[in-house]
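What follows is each chain in one-letter form.
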Protein chains: 2
Amino acid sequence: MADKPARGLADVVAASTALSDVDGVAGRLYYRGYDIHDLAGRTSFEECVHLLVRGTLPTTAELDTLVAELAEARTIGASAQAVLPHVIRSGTPMEALRTLVSALSVDDPDASDSGAEANQRKAVRLVAQMPMLVATYHAARTGGAAPDPVVDLGIAGNFLLQITGSRPSPRAAEIFDECLVLHADHTMNASTFTARVVAATLSDMHSAITAAMGALRGPLHGGANEAVMKTMQSIDGGVDGVEAYVRQTLDAHGKLMGFGHRVYKTEDPRATHLRRISEELADSTGDRGYYKMSRRMEEVVFDVKGLYPNVDFFAASVYHYLGIPTDLFTPVFAVSRMSGWTAHVIEQHLDNRLIRPDSEYIGERDQKWVPIEER
Amino acid sequence: MADKPARGLADVVAASTALSDVDGVAGRLYYRGYDIHDLAGRTSFEECVHLLVRGTLPTTAELDTLVAELAEARTIGASAQAVLPHVIRSGTPMEALRTLVSALSVDDPDASDSGAEANQRKAVRLVAQMPMLVATYHAARTGGAAPDPVVDLGIAGNFLLQITGSRPSPRAAEIFDECLVLHADHTMNASTFTARVVAATLSDMHSAITAAMGALRGPLHGGANEAVMKTMQSIDGGVDGVEAYVRQTLDAHGKLMGFGHRVYKTEDPRATHLRRISEELADSTGDRGYYKMSRRMEEVVFDVKGLYPNVDFFAASVYHYLGIPTDLFTPVFAVSRMSGWTAHVIEQHLDNRLIRPDSEYIGERDQKWVPIEER
């Protein structure tokens, strides 16, 4: 009945969506029909949340309403606050944050209601709570308390304030805002697909989002931006050491994180923006090392393997320049992607069918059972 | 590049597996080539864990080793213990258990190691910890402490001891053991598929299992056994009220939980066993009501819709007869399915490819961006 397997479901259409579209050949990405090149740098993350979760780019009045709702919703509930000290010892921030995101449901009055209105409210809460949760976790593990968000900064600026402890420059806040927009949604990436598979059992939004957190953590997905930074930091000799490192790694059949993509056959349009941002930050901070290393690595990998950098590659140096600790790079991805995840759960619940594929059996057949004494 | 979507990935082969196989036309289920009809009632859950996780039905010596390892591994770590009081207020046990399973990673020395040996150790721990976690949660919410497991009962018997507070009869323990075997694995069901999608990013086992917990909770998946029981309890007039209830529900295009299956076109072989067990328990307890209602519902639904009962349908009355609270029916499913989930994560990591499908875009195109002031 079933055809041959498409390993990894490559090129298999698993769902219909009105949220985003990728043209992998032309290297284009659209959120609800808007080209990412039109949105990046011109549309705030909050506008992008409105676009994905509520369906349209907001008017000023609509944006004001959403911003007020986000500020109202961002407080971390008592249960997640109480759980926090007990997961600080987790091996990585994403491990701790998976448990903490799950615990957010306890204080969510709509936790078990998957109706359209409840899902909208939960999406706003989760988008608002995610940066607060990362900041609260980071403060707790470093023995302090995160500064309170301020009213004249958006999600991006407040996150930088809370993580670095000092108010970001207007340009730094703008740049990080653009990063959040660039990471907000990307069709059936593994974590979004995970969220939709969970939601398609008619399970609730927190279950779907907790599952997505688990998928994002993987080094073949959101974990790649941290891996890129660690690679850069491990290369001896800075920019002059890049070529030898790349060639040695590829000769040993090692994987270079931050290159290649299941869908793009040309440059990832998000990488175009992040390269530009990385260069700007390198110039403005005077710390050009990681930008130059990134450019050199990009050249060598293209020469040797013909692979393009993906969204994770230049994100690494950008986040580094913005003062974000390396092990929070993947949580930053989650702060942004929460907007896409929640919008996909809403969309899945509005027109649901259980996602339940087939499998190909490759094991032993016709095994004869014998009692344990005779084995 | 991509074909038309297969809604819900029906009949799409998403992965290869040597763990289980379903012949939906003949109504057969196999674990590693052993017919479920040969395993059910003759093979303990611990033997089944060995079969799925370690690859073979064990010899007596191998089984003794595994049983000792399971007993050693079942203690709930300090972090999950500390998190427990803060998630008691969760709306449902599955919501609390999702957070608790996630928190188990904090005290797992192999949490971030996805190597083959670490995965084997984590599988044993998770299989052993899951029933303890359900029992500890249930005791905490009812204000008591779960009895300690005893050495002369297996996972099934100890679970009944811990949940009901009294030692089960040998036959009750045998019957529940058979239930655990029947629920252990089932190809690419939604929660197992979720676990594999997460694992395929090279994320860790706890992330994959936490995600699976979220999927199992859904009423179109593991949540169905609870829904069946609640349906029975809501029917006025007992067995005489069943036909009217079924016809009214179907006339109103309502969904009857516990019937139909994506894969089986005939009777689910697990339902055959659970029907027999339900009848035996009805006879031995003298409480024939829910068994008779189940039989009547099965008849009417087949007459009206031609649908067969699935694994969840008779599981409801069986668990009821065994003294398990209705809202723990889905956690019981998790206690069993943990064996399949962990085996699938092991299998996915041994021969991995990122699971990243395509999507069909159905939204607006060529949207023209304008500044917010002009919207």
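Calculation rules
- Residues numbered from 1 in each chain as written.
- Chains lettered and ligands numbered in written order.
- Predicted model: local features only at pLDDT ≥ 70, side-chain atom pairs only at ≥ 80, totals over all residues.
- Heavy atoms only, no water.
- Domains from an automatic or database assignment.
- Contact = heavy atoms within 4.5 Å.
- Buried area = accessible area lost by both parts, 1.4 Å probe.
- Salt bridge = Lys/Arg side-chain N within 4 Å of Asp/Glu carboxyl O.
- Helix = DSSP H or I, 4+ residues; strand = E, 2+ residues; numbered from the N terminus.
- Nonpolar A, V, L, I, M, F, W, Y, C, P; charged D, E, K, R; others polar.
- Axes fitted to C-alpha atoms, helices over the stretch in contact; angles between N-to-C directions.
- Parallel < 35°, antiparallel > 145°, perpendicular 65-115°, else oblique.
- Least-squares fit on C-alpha atoms with pLDDT ≥ 70 in both.
- Buried < 20%, exposed > 50% of the residue type's maximum accessible area, 1.4 Å probe, protein only.
- Core = buried A, V, L, I, M, F, W, Y, C linked by side-chain atoms within 4.5 Å.
- Polar contact = N/O pair within 3.5 Å; in protein donor to acceptor, adjacent residues only side chain to side chain.

What follows is about the domain arrangement of chain A. Residue and element names in this part refer to chain A. The domain boundaries assigned to chain A delineate domain 1 (20-169 + 178-218 + 330-350) and domain 2 (224-321). Here the C-alpha centroids of domain 1 and domain 2 sit 26 Å apart. With 22 residues of domain 1 at the interface, the matching set in domain 2 holds 20 residues. Carbon and sulfur atoms supply 62% of the area buried between domain 1 and domain 2, which totals about 1,600 Å² over both sides. Here domain 1 is connected to domain 2 by one salt bridge. A salt bridge links Arg276 to Glu178; the shortest N-O distance between them is 2.6 Å. Among the elements that make up the side of domain 1 that touches domain 2, the one with the highest residue count is helix 16 (residues 329-350) (five residues). Class assignment for the residues of the side of domain 1 that touches domain 2 results in eleven nonpolar, seven polar and four charged.

Residue and element names in this part refer to chain A. Look at helix 6 (residues 116-141) against helix 16: their axes get within 9 Å of each other, and the N-to-C directions meet at 170 degrees. As the angle between them shows, helix 6 and helix 16 are arranged roughly antiparallel. For the pair formed by helix 6 and helix 16, the contact residues are Ala116, Asn119, Gln120, Ala123, Leu126, Val127, Met130, Pro131 and Val134 on the first element and Pro331, Ala334, Val335, Met338, Ser339, Thr342, Val345, Ile346, His349 and Leu350 on the second. Considered class by class, the residues forming the contact of helix 6 with helix 16 number 14 nonpolar, five polar and no charged.

Superposing chain A onto chain B takes a rotation of 180 degrees combined with a translation of 0.0 Å along the rotation axis, leaving an RMSD of 0.0 Å. The superposition of one copy onto the other is thereby described by a two-fold rotation axis. Ranked by how close their C-alpha atoms come to the rotation axis, the residues of chain A are headed by Ala211 of chain A, at 2.0 Å. The residues that chain A uses at the interface reappear at the interface of chain B in 100% of cases, marking a shared surface.

Residue and element names in this part refer to chain A. Burial analysis of helix 2 (residues 45-54) places nine of its ten residues in the buried class, the great majority of the element. Regarding helix 2, the residues found buried are Phe45, Glu46, Glu47, Cys48, Val49, His50, Leu51, Leu52 and Val53. Remark: Gly55 follows helix 2 within two positions and exhibits a positive phi of approximately 105 degrees.

Soluble globular proteins tend to pack their nonpolar side chains together in the buried interior. Within the largest apolar cluster, 221 residues are counted, with the highest numbers of intra-cluster contacts made by Tyr31 and Phe176 of chain A together with Tyr31 and Phe176 of chain B. Not counting the four nearest positions on each side in its chain, Phe176 of chain B is found in contact with Ala156, Phe159, Leu160, Tyr319, Leu322, Ile324 and Val332 of chain B. Counting 18 residues, the second-largest nonpolar core is a separate cluster that includes Val12, Phe193, Val197 and Ala200 of chain B.

Turning our eyes to something else, we now look at the pattern of salt bridges. A complete count under the given rule lists 56 salt bridges over all chains for this structure. Between Arg7 of chain A and Asp351 of chain B there is a salt bridge, with the nearest N and O atoms lying 3.4 Å from each other. Placement of Arg7 of chain A in the segment before strand 1 (13-17) and of Asp351 of chain B in the loop between helix 16 (329-350) and strand 5 (358-361) is noted, with the two residues assigned to different chains. Across the pair Asp110 of chain B and Arg121 of chain B runs a salt bridge, and its minimum N-O distance is 2.9 Å. Residue Asp110 of chain B is located in the loop between helix 5 (93-103) and helix 6 (116-141), and its partner Arg121 of chain B is located in helix 6; the two are separated by eleven residues in the primary sequence. Each member of the salt-bridge network shares a partner with another, and the members are Glu95, Arg98 and Arg217 of chain A together with Asp204 of chain B.

Attention shifts here to the interface of chain A and chain B. Residue-level contacts link 101 residues of chain A with 101 residues of chain B. Together, the buried faces of chain A and chain B total about 9,000 Å²; carbon and sulfur atoms form 56% of this surface. The largest contributions to the chain A side of the interface with chain B come from Val13, Arg356 and Trp369 of chain A, which together make up 10% of the buried area. The interface formed by chain A and chain B includes twelve salt bridges. Between Arg89 of chain B and Asp107 of chain A there is a salt bridge, with the nearest N and O atoms lying 2.7 Å from each other. Remark: the boundary between chain A and chain B carries 64 residue pairs in polar contact (both at pLDDT 80 or more). Ranked by residue count, the leading element in the side of chain A that touches chain B is helix 10 (residues 205-216) of chain A, at six residues.

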